[in-house]
Amino acid sequence: MSSDSGSSMVSSSSITSSYSTPSASCVAEDKSGYTSQEDGSEFIVLCNQGFQELHLAGSPIQLMNNNLEACTEQCAAAGTACAGVTFGFFGGEQQQCYLYTRMLASEAPAYPIVAAVRTSNFEGALGRRRILRNGGFDGALSPWTSGQTASGSEFTIKNNAANVVMLLTTRAANNGAAVVDSVTLEQQISDPADANVGYYTSLDITVTSDRPVECQINVRSVSSGESFFGLFVRNTVGPRTVYGSGTTQLPDVSTILMNVDCNGTRDVEVQLDNLGFWSFEPDNSGSGCDTSLLTNGNFDSSLSPWIPAQGGTSTSATWSVSDGQVIVRWAANTGINDAPATLTQSIDMPGSDTPYRITADLVFTIASGSCSVGFGTEIETLYFNGQTAQSGRVPITYDGISEIQARQFVISITCYSPTGGINSVGIDSIELVMNPGADCPASG
Ligand SMILES: [Ca+2]
Ligand SMILES: [Ca+2]
């Protein structure tokens, strides 16, 4: 990483067949580039880095030739909806290929694994736009603004990197227990990114302390509320480069905020450098030009703009977003007459007699009784799955015809558990497409 400009961009090379067994050979290939023969999309290959399990529906996928190259080509063919892949044995007997909606760094698994993270759309480097300034912290913090920690420290420039020493020792000595400190760096983006824009990001992280420490490092947009990457560091680390990619779920990415929260009993020094954040236009080579009317149907980092509610007087259901899905949990011994829980967002559903397709992943966890899920507008039911009494994942693809123009999309969930136990329903990857499969203008 020599300079800020294109710090993590790498020259392209082809992945050799030895790559089909990503173990020892992976070291030489680490951080090499790969350009899709299918459409020119670029990827960076990473060895033994962990990613949260934010898989595209249908993963793991079956391959004719079971190797990383074939796996990565499947991702390219899916368009920018695919943010990257992981490939390997995952501790099992068979090699598997997983496609991702987002590549979000987490701790590395115990087994060898190889990943390819998308760094562009089909246009390659030409279609990629750098949307942050001075991510290399060369000589000055500006245009970043720094927020102070509780102990009064803030980021300064050291060795052309953003550096902060959190003074935990003194504060911890007062009561002997570990204390938390938090510091931020924020920047306004001159040309804000919108929803459904592809992005690729990387950051060099160094954490130094003479005792165990726990630090959480996040990169997110304050304006849109979307998180682009979060990493939990348990000990001294680095410099380590972490990577992320995906497609923005929410509009108005006009600020980027990094925050570092550390928890410990001794001073900890955190250094950040080479924060790159690139955006690129989405392409739809894998999905024709079918575009979902729904915003944030992936639930990969937040609930917004969905609005949760329960009808009637029931308060049996609670909501959370975790593992890249929204999960609705029902209290034990919920009666059959409890009102449904709903998730609602505004849409602009066109007029009469329009064909539609709904796709979604449902994950039922049934302790007793059953749960049901329905999708509809404020006027008509678009899909209803009936009562489900078995735990498991249920992928939905449903075609219908909408009769009436509408302004709201509503997910309704009911559960009852006559003999106790907590039932829950997870929902992910929900899309509502009008006129599915219709001819669309030639792209790319
Ligand atoms: Ca630097
Ligand atoms: Ca998801």
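Structure: see above.
Now for a description of the structure that goes with this document. The structure displayed is predicted, hence computed values, not measured ones.

Okay, the overall build of the chain next. A count of helical and extended segments in the chain gives 3 helices and 28 strands. Taken over 444 residues, the chain has a buried fraction of 40%. Considering only residue pairs separated by 6 or more positions, the chain has 76% of its internal contacts joining residues 24 or more positions apart.

Let's shift gears to the nonpolar core. One finds Val85, Tyr100 and Cys215 to be the most contacted residues of the largest nonpolar core, which totals 72 residues. Considering each element in turn, this core owes the most residues, 7 residues, to strand 18 (residues 268-280). Residue-level mapping places this core at the junction of two domains, with at least three residues from each of domain 1 (17-124) and domain 2 (130-280). For Cys215, the residues in contact, after removing those within four places along its chain, are Val207, Val233, Val260, Asp261, Cys262, Val268 and Val270. Counting 27 residues, the second largest nonpolar core, distinct from the first, contains Val328, Ala341, Ala360 and Leu432.

Right, let's get into the pairing of strand 17 (residues 253-264). Walk down a regular strand and you will see the side chains alternate between the two sheet faces. The pairing of strand 12 (residues 179-193) with strand 17 spans 11 bridges and is classified as antiparallel. Of the residues in strand 17, the one forming a bridge with Gln187 is Ile256. With 7 bridges joining them, strand 14 (residues 214-220) and strand 17 adopt antiparallel strand pairing. When the sheet's bridge partners are listed, Arg220 is paired in strand 17 with Leu257.

One turn of an α-helix holds 3.6 residues; hence residues three or four places apart share an orientation. Counting buried positions along helix 2 (residues 68-77) yields 8 of 10 residues, so the element is predominantly enclosed. All of the buried residues along helix 2 are Leu68, Glu69, Cys71, Thr72, Glu73, Gln74, Cys75 and Ala76. Elements that come into contact with the buried residues of helix 2 comprise strand 1 (33-35), strand 2 (42-47), strand 4 (84-88), strand 5 (96-100) and strand 7 (114-118). Of the residues trailing helix 2, Gly79 is marked for its positive phi of about 75°.

Okay, the sheet that holds strand 15 (residues 227-233) next. As summarised here, the arrangement of the 5 strands in space is 9-12-17-14-15, forming an open sheet in which the pairing is antiparallel. Strands at the two margins of the open sheet, each flanked by one partner only, are strand 9 (145-147) and strand 15. Neighbour-to-neighbour, the strand axes of this sheet turn through a mean angle of 10°, independent of strand direction. The pairing of strand 9 with strand 12 spans 3 bridges and is classified as antiparallel. The residue of strand 12 that forms the bridge with Gly147 is Thr184. On top of the sheet, helix 3 (residues 168-175) reaches strand 12 and strand 17; it is set at about 140° to strand 12, its chief contact.

Here is what the cut-offs are and how they apply
Residues numbered from 1 in each chain as written. Chains lettered and ligands numbered in written order. Predicted model: local features only at pLDDT ≥ 70, side-chain atom pairs only at ≥ 80, totals over all residues. Helix = DSSP H or I, 4+ residues; strand = E, 2+ residues; numbered from the N terminus. Buried ≥ 20, exposed ≤ 12 C-beta atoms within 10 Å, placed from the backbone. Contact = placed C-beta atoms within 7 Å. Core = buried A, V, L, I, M, F, W, Y, C linked by C-beta atoms within 7 Å. Domains from an automatic or database assignment. Pairing = 2+ DSSP bridges. Axes fitted to C-alpha atoms, helices over the stretch in contact; angles between N-to-C directions.

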